[in-house]
Amino acid sequence: MLRSTCALLLLGAASALSGPTRAGTLSGRCAAPGMCSGPMPGKQRDTVLPNEAVSDYDSTSTFVRSLIFSLTAAVNGIAGAVGYEETLATPSTADMAPISPSSLLMGLRDDYVERNYLWTGDIDSSLYAPDCVFTDPTLSFKGLDTFQRNVANLRPILNQFVPDGACELFSIELDEDTCEVCAKWRMFGTLRLPWRPRLDLTGRTNFKYASQRGGRVINYREQWDISAADALLQLVRPGGTN
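Residues numbered from 1 in each chain as written. Predicted model: local features only at pLDDT ≥ 70, side-chain atom pairs only at ≥ 80, totals over all residues. Heavy atoms only, no water.

Looking only at helices and strands, one finds 6 helices and 7 strands in the chain. When the helices and strands of the chain are read in sequence order from the N terminus, they spell out α-β-α-α-α-β-β-α-β-β-β-β-α. For the chain, the residues scored as buried account for 47% of the 242 residues in total. Looking at the chain alone, contacts between residues at least 24 apart form 73% of all its contacts between residues at least 6 apart. Put simply, the chain shows about 11,100 Å² of open surface, and 53% of that area lies on carbon and sulfur atoms. (Helix = DSSP H or I, 4+ residues; strand = E, 2+ residues; numbered from the N terminus. Buried < 20%, exposed > 50% of the residue type's maximum accessible area, 1.4 Å probe, protein only. Contact = heavy atoms within 4.5 Å. Areas by Shrake-Rupley, 256 points an atom, 1.4 Å probe, with all protein chains shown as cover.)

This is the structure we're talking about:
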C-alpha cells in the first residue's frame, strides 16, 4: 500500500502544474491526525464497508499498473542516487520461535492500530516470511527486504505531503481453517497541495500464513473498494467540498 500511495502523491504533486479539476471529494469522518483506531481482534464495528472490494491487482489496467510502477521505481532510483536509501537487514526466521495464529492476529492488529502502518509502512517484520509476496491493486512484488527498502525510500514523501494521515480498522478476523487473517479498514488524509485534495480509501487485506513457515505471513493481498483509476482521480479533486 505504501508504494502505491506514494506514487499517487507524486502524481498529485505533478498535477499542480495544471491545477485541480472541479469535481468534489469523498466525504468521511476524520480520526485524530496520525492515529489509527480499531476494534479488538475478532470484533466487528457497527461501521461496515459500503461495498465488497471491487479493485485488485488482476482487475487494474496495465496502463495504471505501469504508471505506478514507473513512479515508484523513479523514487527508489532517486533515493539511492542521493544517499537516502537505507540498508535494512531482513531478520532470518530460521531460528525464531513459531507464531501461534492468535499471536499473529494480535500482531497484525497492532500494525494497524498502534503503528498506523497503512501510512507509515511500520510493520512488525517478525510476522512475515522473508519471501512473502506483497500485492495491492497497482503493485505486486516479492520479498520482505524489498518492502522495507521501499518504506525507507518513500516515507519522506508521505511525511511531506500527508502529515495527518489516519486509518480506521473496522474488523480483523482469524480463519484457522484457511490459514488467513482478514482485515477491513479505511485510510484517509488531506494532501499538502494547493487545492487540498483528500485521499479516502476503504478496503480489505488478506494475510495468508503457513504453519510450515513458522506461522508467518507468506502472502499479503490487498483490495480496494474503488478502482485504482478512481483513487488516482481523488488527487486532482479540490478538497473542502461535498
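After presenting the structure, the write-up continues.
Going through the model one piece at a time under the given rule, you end up with 7 aromatic pairs. Taking 6.5 Å as the distance between ring centres and 90° as the angle between the ring planes, the aromatic pair formed by Tyr112 and Phe207 counts as edge-to-face. Here Phe207 lies in strand E6 (residues 198–210) and Tyr112 lies in helix H3 (residues 101–113), a separation of 95 residues in the sequence. Here Tyr112 falls in the buried class, since its relative accessible area comes to 0%. Among the residues examined, Phe207 registers a relative accessible area of 1% and is labelled buried. (Phe/Tyr/Trp six-rings, centres within 6.5 Å; stacked < 30°, edge-to-face > 60°.)

The subject of this paragraph is the confidence of the model for the chain. Here the chain averages 77 in pLDDT, while 67% of its residues score no lower than 70. The element-level mean pLDDT for the chain is lowest in helix H1 (residues 2–14), coming to 57, with H3 highest at 98. In this model, residues 40–51 is a region of pLDDT below 50 whose contacts with residues beyond four sequence positions or in other chains number 30 contacts. Below pLDDT 50 for its whole length, residues 81–89 participates in 13 contacts with residues either more than four positions away or in separate chains. (pLDDT = per-residue confidence, 0-100.)

With that settled, consider the pairing of strand E5 (residues 180–190). Counting buried positions over the 11 residues of E5 gives 8, a clear majority of the element. Bridge count for strand E4 (residues 166–175) against E5 is 9 bridges, and the pairing is antiparallel. Looking at the pairing, Ala166 lines up with Phe188 of E5. Counted along the chain from E4 to the antiparallel partner E5, the turn is 4 residues long, and its residue Cys179 has a positive phi close to 55°. Sheet topology note: the E5/E6 ladder contains 11 bridges and is antiparallel. Counterpart to Trp185 in the pairing with E6 is Gly203. (Pairing = 2+ DSSP bridges.)

Here helix H5 (residues 144–161) spans 25 Å end to end across 18 residues, near enough to the 26 Å set by a 1.5 Å rise per residue. Taken as a whole, H5 carries its principal kink of about 40° at Leu154; the proline Pro156 stands between one and four residues after it. (Expected span 1.5 Å × (residues − 1). Bend = angle between axes of the 7 residues up to and from the residue.)

What follows deals with the nonpolar core. Of all hydrophobic cores here, the largest spans 47 residues; its most connected members are Tyr112, Tyr128, Trp185 and Phe207. Here this core takes 7 residues from H5, the largest share from any one element. (Core = buried A, V, L, I, M, F, W, Y, C linked by side-chain atoms within 4.5 Å.)

Below, the discussion takes up the pattern of salt bridges. Counted by the stated rule, this structure contains 6 salt bridges. Notably, a salt bridge pairs Arg115 with Asp111, separated by 2.8 Å at the nearest N-O pair. Of the charged contacts in the structure, one is a salt bridge between Asp200 and Arg186, with a shortest N-O distance of 2.9 Å. Residue Asp200 is found in strand E6, and its partner Arg186 is found in strand E5; the two are separated by 14 residues along the sequence. In terms of burial, Asp200 and Arg186 fall into one category: buried. One network of salt bridges, with partners in common, ties together Arg186, Arg198 and Asp200. (Salt bridge = Lys/Arg side-chain N within 4 Å of Asp/Glu carboxyl O.)

Trans is the common state for peptide bonds, and a negative phi is the common state for residues other than glycine. A positive phi is found at Cys179, a non-glycine position, where the angle reads about 55°. Secondary-structure assignment places Cys179 in the loop between E4 and E5. By relative accessible area, which is 24% here, Cys179 ends up partly exposed. Here the phi dihedral of Arg196 falls at roughly 55°; this positive angle occurs in a residue that is not glycine.

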